[in-house]
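Per-entry structural report
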Amino acid sequence: MARPGNKIIHAKMVLVGDMGTGKTSLVLRFVKGQFFQHQEPTIGAAFFTQVLSLPEATLKFDIWDTAGQERYHSLAPMYYRGAAAAIIVYDITSMDTFLRAKKWVEELKRQGNPNLVMALVANKRDLESDREVNIEEGEQFSEENGMFFIETSAKTALNLNELFYEMAKRLAKAT
Ligand code: GDP
Ligand code: MG
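Here's what I pulled together on the structure shown here. (Residues numbered from 1 in each chain as written. Chains lettered and ligands numbered in written order. Predicted model: local features only at pLDDT ≥ 70, side-chain atom pairs only at ≥ 80, totals over all residues. Heavy atoms only, no water.)

1. Side note on the site of ligand 1
For the record, the criterion: Residue proximity to a molecule or strand is established when one non-hydrogen atom of the residue lies within 4 Å of it. For the purposes of these results, a polar contact is taken to be a pair of N or O atoms within 3.5 Å, where, inside protein, one atom must be able to donate a hydrogen and its partner to accept one; residues adjacent in sequence count only when each atom of the pair is a side-chain atom. Grid spacing is 1 Å over the protein atoms alone, the probe is 1.4 Å, and a cavity is where that probe fits but cannot get out, while a pocket is an open set with protein on both sides within 12 Å along at least five of seven lines and lining residues have an atom within 4 Å of a point. Pocket occupancy is defined atom-wise: a molecule lies in a cavity or pocket when more than half of its atoms are within 2 Å of its grid points. Each helix is a run of DSSP H or I of at least 4 residues and each strand a run of E of at least 2, with the numbering of both proceeding from the N terminus.
Neighbouring ligand 1 are 19 residues; Gly20, Lys23, Ser25, Phe36 and Asp126 lie closest to it. Here an oxygen atom of ligand 1 and a side-chain polar atom of Thr24 are 2.9 Å apart. Of the pockets mapped on this structure, ligand 1 occupies the largest pocket. No other element matches helix H1 (residues 23-32), which puts three residues into the shell around ligand 1.

2. Some details on the pairing of strand E4 (residues 85-91)
To keep things clear, this is the line we draw: Think of it in three bands: residues with accessible area under 20% of the maximum for their type are buried, residues over 50% are exposed, and the middle band is partly exposed, with areas taken using a 1.4 Å probe on protein chains only. Only strands joined by at least two bridges in the DSSP assignment are considered to pair. Here the term right-handed applies to a crossover when the path leading from its first strand over the helix to its second strand runs clockwise, the strands being oriented away from the viewer.
Among the seven residues of E4, seven are classified as buried, and the element is accordingly described as predominantly covered. The two faces of E4 match: Ala85, Ile87, Val89 and Asp91 on one face and Ala86, Ile88 and Tyr90 on the other face are all buried. As judged from the seven bridges shared by E4 and strand E5 (residues 117-123), these two strands associate in the parallel manner. Residue Tyr90 lies in a different strand from E5, and its bridge partner there is Ala122. Crossover E4 to E5 through helix H3 (residues 95-111) is right-handed.

3. Quick word on the layout of surface pockets
Note the following rule: Grid points are joined across faces, edges and corners, and a volume is the space filled by probe spheres set on the points. Here the nonpolar group is Ala, Val, Leu, Ile, Met, Phe, Trp, Tyr, Cys and Pro; Asp, Glu, Lys and Arg are the charged ones; every other residue, Gly included, is treated as polar.
Of the volumes computed, that of the largest pocket is approximately 450 Å³. Together, 25 residues line the largest pocket, and Gly20, Thr21, Gly22, Ser25 and Gln39 are the ones closest to its centre. Examining the composition of the lining of the largest pocket, we find that three residues originate from one element, H1, more than from any other. Residues that form the lining of the largest pocket fall into these classes: seven nonpolar, 11 polar and seven charged.

Structural measurements only, silent on function.
Here it is as structure tokens:
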């Protein structure tokens, strides 16, 4: 619910990252508060909305959860066009997905809007014993690129509020 007198910000947010990193699971946690052990693979793209209220603003998110973009050399323009925020997801148990996330960041910096608010998300933190990507690697790359960095688990809901509140705060500040 919008609070009286507080500004409303409509923000398009796009999720990118390798297949299986947990993009859809993160979004479903955010919009429905649920997690599915056997999440059906997304076909094409899925669209969701969610509202998040901060003291300083109410954010209305239009969320584009991409799929199948791995096949192309670049992200389809419909995803980054007009996007205010991007969440780039990798899986801490797969170095390949981290390397791919770096490529997406480069791509978004080239094609996305110049004030794009970006978060690098290291998901599947609950699978610590299978970790291939150290937290320092994610942190360092994020720092170099002015991105917010956080490790999450869509399974246990670890750090999900932190992620979406931080995105909202940064968007409120940038708008
Ligand atoms: P997407 O292709 O990036 O959208 O990934 P999905 O959301 O479809 O997730 C792929 C698989 O990983 C599914 O079986 C999910 O249940 C699982 N998954 C997603 N997030 C997590 C997580 O944080 N921890 C664990 N253990 N599994 C996860
Ligand atoms: Mg998906």
